[in-house]
Amino acid sequence: MNKLFTCLVCCLIFHTSLSAQEISVKGKITDSQTLEGISGVLVKIDHNEISTLSNADGSYQINLSDGYEHLTFSSSGYLSQNIFVGGKTEINISLVKSETKGVAPKKSNQVTVGFGQQSKEELSSSISQINTDDVTPAPLVSLEQSSQGMTTGLMVQNSSGKLGGATTVRVRGGSTLSNSNNPLYVVDGVPLSSGSQSNLNPNNIASMEILKDASAAAIYGSRAANGVVIITTKSGQDGKMKIDFDYQAGVSQSPKYLDLYSADEYNQQLIEFQIRSVPNALELDQYINKENLAAWEKSETDRIVFPNGNEVTLPAFLSQLTHNTDWQKQVFRTGLSHKANIGLSGGKEVLNYYAAVSYNTQEGILVGNKYDRLNGSLTLNSKITSKLSANMSVNYIHAKEYKLLDEQDLGAPLQAIVLPPSDSFDPNNNYSLTVRSLEYNPLTEINHSENLGFNNSVIGSLGLRYDILNNLSFDISGGVDFSNQRDERRQGPETREGSITGRSQLGENEYRNYIGNGYFTYSPSFGQDHKFSLVAGVSYQKT
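In short, a report on the structure. All figures in this text were calculated on a predicted structure; none of them were measured in a lab. Here the residue numbers are simple positions, counted from 1 along each chain's written sequence. In view of the model being predicted, local features appear only for residues whose pLDDT reaches at least 70, and side-chain atom pairs are presented and counted only at 80 or more, with totals across whole chains, interfaces and linings using the full set of residues. Side-chain descriptors were evaluated using all non-hydrogen atoms of the structure, hydrogens and water having been removed beforehand.

### Description of the sheet that holds strand S28 (residues 503-522)
Line of reasoning, step 1. The criterion for strand pairing is that DSSP finds at least two bridges linking the strands in question. The way it works is that DSSP assigns letters per residue, a run of H or I at least four long becomes a helix, a run of E at least two long becomes a strand, and they are numbered from the N terminus. Across the sheet, which stays open at both edges, the nine strands sit in the order S17-S20-S21-S22-S23-S26-S27-S28-S31 with antiparallel pairing between neighbours. Single-partner strands in this sheet number two, and they are strand S17 (239-252) and strand S31 (534-542). Strand after strand, the sheet turns through a mean of 10° between neighbouring axes, direction not considered.
Line of reasoning, step 2. As defined by bridge partners, strand S22 (residues 370-383) adjoins strand S23 (residues 388-402) across 14 bridges and the pair is classed as antiparallel. Bridge pairing links Tyr371 to Glu401 in S23. Orientation is described by lines fitted to C-alpha atoms, with helices fitted over the stretch in contact, and by angles between N-to-C directions that extend from 0 to 180 degrees.

### Focus: unusual backbone geometry
Line of reasoning, step 1. The phi torsion at Leu35 lies on the positive side, around 65°, for a residue other than glycine.
Line of reasoning, step 2. Within the element layout of this structure, Leu35 appears in the loop between strand S1 (23-31) and strand S2 (42-45).
Line of reasoning, step 3. The backbone phi angle of Tyr431 is positive, close to 60°, even though this residue is not glycine.
Line of reasoning, step 4. Inspection of the secondary structure puts Tyr431 in the loop between strand S24 (425-426) and strand S25 (432-433).

### Examining the nonpolar core
Soluble globular proteins: nonpolar side chains tend toward being buried together.
Line of reasoning, step 1. Throughout, nonpolar core names a set of buried Ala, Val, Leu, Ile, Met, Phe, Trp, Tyr and Cys residues whose side chains join them through atoms within 4.5 Å. Working definition: with a 1.4 Å probe on protein chains only, accessible area under 20% of the residue-type maximum means buried, over 50% means exposed, and in between means partly exposed. Grouped together as the largest cluster of nonpolar side chains are 19 residues, with contacts concentrated most on Tyr185, Met208 and Ile231.
Line of reasoning, step 2. Among the elements of the structure, strand S11 (154-158), strand S12 (167-171), strand S13 (184-187), strand S15 (205-211) and strand S16 (228-233) are those that each provide at least two residues to this core.
Line of reasoning, step 3. The element that contributes the greatest number of residues to this core is S15, accounting for three residues.
Line of reasoning, step 4. Tyr266, Val278, Leu293 and Leu321 belong to the second largest nonpolar core, which has 18 residues in total.

### Structural notes on the environment of Thr334
Line of reasoning, step 1. Along the chain, Thr334 falls in the loop between helix H7 (327-331) and strand S20 (335-347).
Line of reasoning, step 2. Residue class for Thr334 comes out partly exposed when judged on its relative accessible area of 42%.
Line of reasoning, step 3. Remark: the alpha-carbon pair of Thr334 and Gln253, spanning 81 residues in sequence, is separated by 4.8 Å.
Line of reasoning, step 4. Here, two residues are considered to be in contact whenever any of their heavy atoms come within 4.5 Å of each other. Those residues in contact with Thr334, other than ones at most four positions away along the chain, are Val251, Ser252, Gln253 and Glu363.
Line of reasoning, step 5. At 3.2 Å, the side chain of Thr334 and the side chain of Gln253 are in polar contact. The definition of a polar contact used here is a pair of N or O atoms within 3.5 Å, where within protein one atom must be able to donate a hydrogen and the other to accept one, and adjacent residues in sequence count solely through side-chain atom pairs.

All quantities given are derived from atomic positions and should not be read as evidence of function.
Take a look at the structure:
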């Protein structure tokens, strides 16, 4: 019995020692079609935090605890595979490209960080990534709306409810009191200075990365003091042509109106104001109450005689204020919106493409406010040789905005709420008020003036990449950010400011921004868990 117990203990100790021995698994990951090695493939042990990435030639090596785990191989644009190791020390695998052909997958383990990419596991700085899968189905108009509430440290606030209004964007709050706090936007490698990012089509965006900390200054300098938003547009992928079409329609309206005076209440306030304006108003204060005001208003008298013998003469126009106009309903409306987008994508390994056209029109909830936008985009990626590749991206924007006056300007729509609700207007007489014609009706400004804004913008980039060695490459790229913004304001002779002859204003701004980059990237690796990336080059920008 003692011998049997001793034997069992020895077997247990021997089995435990075998289980504790680590084994190393290596191999090569290739493309199932080209048989070329795939770099940057994530190799991860299931139910474990241990992982590694494949080298430039597709080779990898990872240590396992006992050799009987499962390994998951995943990479952007390829179908993931889960393999049972089963004690093997060498596993070669071929990955099949994703069935979702035509448009590059949006979810990726790679994060764009200025000149290049890093896997999420390697990030050491504060970077947030917004997944466009979550925002594309939403009825969004601007880029800022697509990022609102999608990540921490990014504040997006609309300054007004008007279409085309400015949007405040802050990355981790403001940093200056006197200068701009807006982040730097980089679209397909082109830093923008025109502000055209607001008019990009959210449907064409593949990924958005927000660089929040000071490390962004190492790439973009002082321009990155307020953070950097890196935008990558969609690109094509190998496969047959794929056509995507989506259409959205919607309505918008004010959920609630202000609780303002009715026509009777307004007239009663006029009567009270007239009574309290006479020299002996204190003697009449005892007669001013809700019941008496209602009785005087209904009597339509032009003179009030009080029991103490005092008399007050009411304005002559008071008897004409017999209308009942809801001025809020005159300037507010139910706005309709339509949005259509069509995209073509596909190609072969030598050349793949993505092209899209979208049209968006939206009416604001205020009469006279409207926004129209036409977007066009084209992206080409070419594998010229086994070492040389090229890419091109062009985004065109044409926007037309029917703008409203600011609230402090004479004739702004919301100024209608202070007009007498017991008065009305005559459309055949320039929308002038029927009784109190000296008060300016905003409907006159809306119907007899135009306040238009036009924006024609082009954001384009062209780049070449040459792989000198497996871990050494050279990139050269150039880009342009062009924007022509024109404001036109015409006021007819019916308006206050355009009285007699009319009035016209024209303003135009043109932005030209050129960028050129040339840099080497050296990415050696040492063993399984040690590697670094060195980037050296020059960048030139002219605005």
